[in-house]
Amino acid sequence: MNKIVLSIRQLRPVKWLRKIRGVKLVYTPLLAIVLFTAVMGVILGTLQLQEQSQHEAALFRELSFAKQRIQLRFSNNTDILQSLGREYLNSNESPKDRANVTIQAENLLQSNHEIVQIIWTDQENRIEWKVPNNNTKTKWFNQPANALIIREGLEKSSELSNVTYRPAYSQFITLDVPLNDPVAREMRNVFWQTVPQLAGTELKGSIAVLYSTQALLEMIPAELKSQYRFTLLTDDEKVLAISSDKNIPKRAFSNQTSLDIGVLSPNLSLRIDTYPPATNLTFRMLIGVVLGLSAFVIWSLWSVLKQMQVRQEAEANLRTETNFRSAMENSTPVGIRAHDMDRSITYVNPAFCEMTGWTAEELIGQKPPFAFWPESEKAALTEKMDRAIQLAHDQEKRIGIEGSIIRKDGGIIQTRTFIAPLINEKGKQTGWVTSLIDISEPKKIREELAASQERFITVLEGLDAAVSVVSNENGDLLFANRFYRDRFGNDSNGHFELAGQDVNQNQTGSQFGFSNALSLENINAFAHQVSESNEIQLIDPASGQQKWYEVRRRLIPWVDGHLAQLLIATDITIRVESDELARQQEERMQFTGRLTTMGEMASSLAHELNQPLSAISNYCMGVAKRLQGQLEPGLQKDIIPALEKASDQAHRAGTIIQRIKGFVKRSEPQRKSCDISEIINDAVGLVEIEANRHRLSIKSQVADNLPLVDLDPILILQVLVNLLKNSLDSLREAYPLSSRWSAPPVSISADLDTSIFPAMLRVQVVDAGAGIADSVIERMFEPFFSTKNDGMGMGLNICRSIIESHQGRLWAKNLMDAEHTKRSGCSFTILLPLEAPGSQANI
């Protein structure tokens, strides 16, 4: 506190009064704005609250009135129904009296639109009569779906009233009616009221009334519904009826109350919502005038405040700017001098005096050529100064004049001079201002850097590797050597292709832990950064050939202080091709070894199996001969052919093994003229047993009058058996066991393909399985490639080798469905020449 008092005393009285007045002038309009805004807000808020309370009071009155009318109507209806029931019970089954009761019920129905139907049920809940029988409203009740739920609701309400001996209600029933029909839409939500009729303590029957929830809102006067929207709701906020589909405003007033229509009635609520009120033009005009005047006052006060603030800020800025310019002129190393329109020096700063060694008094008043210009350059410098002044006067551009200054002690320094017009506060030019920069040391350094850069670029241009630098900020190519330009051109596309990036993708330094703005810590971190290295394959635009490059890249700080990406790409195509050739040769050697091993295994199997098969054949033939004449004719007819067939199959198996053994030894097939239909029948006979076991079938179709073909029947039979088994396996995977009865059969056909010359025998095996994947169909004929877990991958390879040994062709093709959207099977096609060529190639 003492410090504050002391500081106030130290101020002069005039300054102290000016400071107090400045504070009052600044904050008085601001305080007035705040007070005025607060008062107007309180007034408008009070009016709004008063209007809201009036709306809520009126809303509550109208809701109470509507609730009272609905509850009173239900009470009256219950009394009338009790009276009708008593009259019906007291009629003593008199037709006239009972007809009178039904007439009263019809009158009640016509006078109360909320009642849809009135029904009388006996003690067993059997309907004796109902009013009305059929009309446009009740026709929807006779539909099967609606009739069932209406009957269930009636039974539940009757059961509840019979137990309690009091009027009971059902739950709300939602009927299936078209919403575009106004009459049917009124019947969408209904409910039952059942009034029991007692004779003493004995239940004699019940009178039930079906109410429409939409019609309940007709009890509310039309003038109320024109001003408010009424809605009937359940406990879970389900809308049962609504008085109008007209939308209400977002800030509409609402109120809600529960309806007590009976002791045993479901929970029902009535909600009231306000429509947008009529426009109160007078009130709104008053509010508009008040708001307009308030805005004008606020704007006026705010303008005064802003003008005062701008004036004070301008004065403060002027003082700051004056002090700043004075400090800048005294501290800058740039020499500054001013000239009048006659080019006489009128002002020099301390830096210019220090640069020339002359005092300000000696320099002021000099005219070109100046005494600090070298004698040999005065004419040239005068011409340069005239040209620079003319350009500055025309406001074309500002250029620097390079020249020399001779100091008073005889020393010479290199300078660059810039000239600009000097304009006064009225916008009139009063002279010129020149600034001089000492460029002696930078010029020397620039010359040394130019020589060093020339040597560096010479080395980079001679490299047999592509060197490029791309800006990490905008992706521009900053540097590229000769090798890069020859291969990739003069843009950065080749750089991004080598880096494996999109041309439009800019790799930011933040991904490497560095920002584009470099600091000393970032520069030190780049010095220890490990370069990224990878190999990439690109197409050479000049030759169109694939080229392999070893790419090494890293981020470096560029000369402008931002990040750049350095990339060095070395052509390693020759090395990659050599490695690939070595790998292929290694694979061929391994494949050859595996084939050799398999050939030896096949020879051993043929040798080991040949003798047991020969013994089986001999034993079968011996048993057949021993049994001839020893058995009854019937048994002999069944057993002897079976033994002979077993002997033939054993002999056939031995023959197949011998042929496979010869095939492995790359010997020629043992050809003879054969009927292809017999070979197909034998193949179908061998595979048909397995097909029947899996509940599948095989269909063969051989064209008529096919010529005999020169081929090895055993090897061709083996090919067909292998293809048929593969087709059966495909069907087994496509059709589960439970649905194989619907699987189409495997088809094998033979005909002549006359679309080629010369014509060839064509054999096709077609199935309706899932087909073959594109990746598999390309490699399925390769040795040791198999999609089966227990497969060796030699079946199709051997099949193709057998067909090619007959100078034929074997290929597979997927079948597509009618829409060509998915595979519907696969076909294997064999083409065999009708005549054996003169020279046949080995397998």
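Described in the following lines is the structure provided in the data block.

## Looking at the overall build of the protein chain
- Broken down by element type, the protein chain carries 21 helices and 27 strands.
- Counting every position in the protein chain, which comprises 843 residues, the buried fraction comes to 35%.
- Nonlocal contacts in the protein chain, meaning residues at least 24 apart in sequence, comprise 59% of its contacts between residues at least 6 apart.
- If you sum the accessible surface of the protein chain, you get close to 50,700 Å²; carbon and sulfur atoms cover 54% of it.

## Describing the sheet that holds strand E26 (residues 809-816)
- The strand order across the open sheet formed by 5 strands is E22-E24-E25-E27-E26, and the pairing between neighbours is mixed. With one partner strand each, in any of the chains shown, strand E22 (698-702) and E26 form the two edges of the open sheet. Averaged over all adjacent pairs, the angle separating strand axes in this sheet is 20°, with direction ignored.
- Examined bridge by bridge, strand E25 (residues 760-767) and strand E27 (residues 823-833) share 8 bridges and lie antiparallel to one another.

## Section: the environment of Leu609
- Its place among the elements puts Leu609 in helix H16 (residues 573-627).
- Residue Leu609 is classed as partly exposed on the basis of its relative accessible area, which comes to 40%.
- In this structure, the C-alpha to C-alpha distance between Leu609 and Gly654, residues 45 residues apart in sequence, is 7.5 Å.

## Observations regarding a nonpolar patch on the surface
- Residues Val39, Ile43 and Leu47 make up a contiguous nonpolar surface patch of roughly 230 Å² in combined accessible area.
- Looking at the secondary structure, you find Leu47 in helix H2 (residues 13-89).

## What about a negative patch on the surface?
- A cluster of acidic residues, Asp438, Glu441, Glu447 and Glu448, forms a negative patch at the surface.
- With 3 residues, the single largest contributor to the negative patch is helix H12 (residues 440-461).
- Residue placement: Glu447 occurs in helix H12.

## Comments concerning the packing of aromatic side chains
- Inspection of every chain in the model, using the stated rule, returns 14 aromatic pairs.
- For the pair Phe296 and Trp299, a centre-to-centre distance of 6.3 Å together with 35° between the ring planes defines the contact as tilted. Of this pair, Phe296 and Trp299 both sit in helix H8 (residues 281-331), 3 residues apart, which is roughly one turn of that helix. Of the two residues, Phe296 and Trp299, neither departs from the other in class, the shared state being exposed.
- In textbook terms, an aromatic cluster arises when at least three aromatic residues are bridged by ring pairs, as seen for Phe74, Tyr169, Phe172, Phe191 and Tyr211.
- Against the face of Trp358 rests Lys408, its NZ or CZ located 5.5 Å from the ring centre.

## Re the packing of helix H18 (residues 676-693) against helix H19 (residues 713-734)
- Two numbers describe how H18 lies on H19: the axes approach to 9 Å, and their chain directions differ by 35°. In this structure, H18 crosses over H19, and the sense of that crossing is right-handed. Here Ile679, Ile680, Asp682, Ala683, Val684, Leu686, Val687, Glu690 and Ala691 of H18 come into contact with H19, specifically with Pro713, Ile716, Leu717, Leu720, Val721, Leu724, Lys725, Leu728 and Arg732.
- Residues belonging to the contact of H18 with H19 are distributed by class as follows: 14 nonpolar, no polar and 4 charged.

## What to know about the nonpolar core
- Core analysis: the largest hydrophobic core is formed by 43 residues, its most contacted members being Ile698, Leu720, Leu724, Ile748, Phe828 and Ile830.
- With near-sequence residues (within four places) excluded, Leu724 lies in contact with Ala683, Val684, Val687, Ile698, Val746, Ile748 and Val765.
- Core analysis: the next-biggest nonpolar cluster, separate from the first, contains 41 residues, Tyr88, Ala105, Val131 and Tyr228 among them.

## Focus on the pairing of strand E7 (residues 228-233)
- The element E7 is extensively covered by neighbouring structure, given that 6 of its 6 residues are classed as buried.
- Every second residue of E7 is oriented toward a common face, with Tyr228, Phe230 and Leu232 on one face and Arg229, Thr231 and Leu233 on the other, all of them buried.
- Where E7 meets strand E10 (residues 268-274), 6 bridges bridge the pair, whose relative direction is antiparallel. Residue pairing across strands places Leu232 opposite Leu270, the latter belonging to E10.
- One ladder, built from 3 bridges, connects E7 with strand E8 (residues 239-242); its direction is antiparallel. The residue of E8 that forms the bridge with Thr231 is Ile242.
- Hairpin connection, E7 to E8: the antiparallel pair is bridged by 5 residues, and Glu237 has positive phi, about 65°.

Here is what the cut-offs are and how they apply
Residues numbered from 1 in each chain as written. Predicted model: local features only at pLDDT ≥ 70, side-chain atom pairs only at ≥ 80, totals over all residues. Heavy atoms only, no water. Helix = DSSP H or I, 4+ residues; strand = E, 2+ residues; numbered from the N terminus. Buried < 20%, exposed > 50% of the residue type's maximum accessible area, 1.4 Å probe, protein only. Contact = heavy atoms within 4.5 Å. Areas by Shrake-Rupley, 256 points an atom, 1.4 Å probe, with all protein chains shown as cover. Pairing = 2+ DSSP bridges. Axes fitted to C-alpha atoms, helices over the stretch in contact; angles between N-to-C directions. Patch = residues over 30% accessible without salt bridge, like charges linked within 9 Å, V, L, I, M, F, W, Y side chains within 5 Å. Salt bridge = Lys/Arg side-chain N within 4 Å of Asp/Glu carboxyl O. Lys, Arg positive; Asp, Glu negative; His and termini not counted. Charge placed at Lys NZ, Arg CZ, Asp CG, Glu CD. Phe/Tyr/Trp six-rings, centres within 6.5 Å; stacked < 30°, edge-to-face > 60°. Lys NZ or Arg CZ within 6 Å of the ring centre and 35° of its normal. Left-handed = near helix turned anticlockwise from the far one by under 90°. Nonpolar A, V, L, I, M, F, W, Y, C, P; charged D, E, K, R; others polar. Core = buried A, V, L, I, M, F, W, Y, C linked by side-chain atoms within 4.5 Å.

That is the geometry; function is a separate question.
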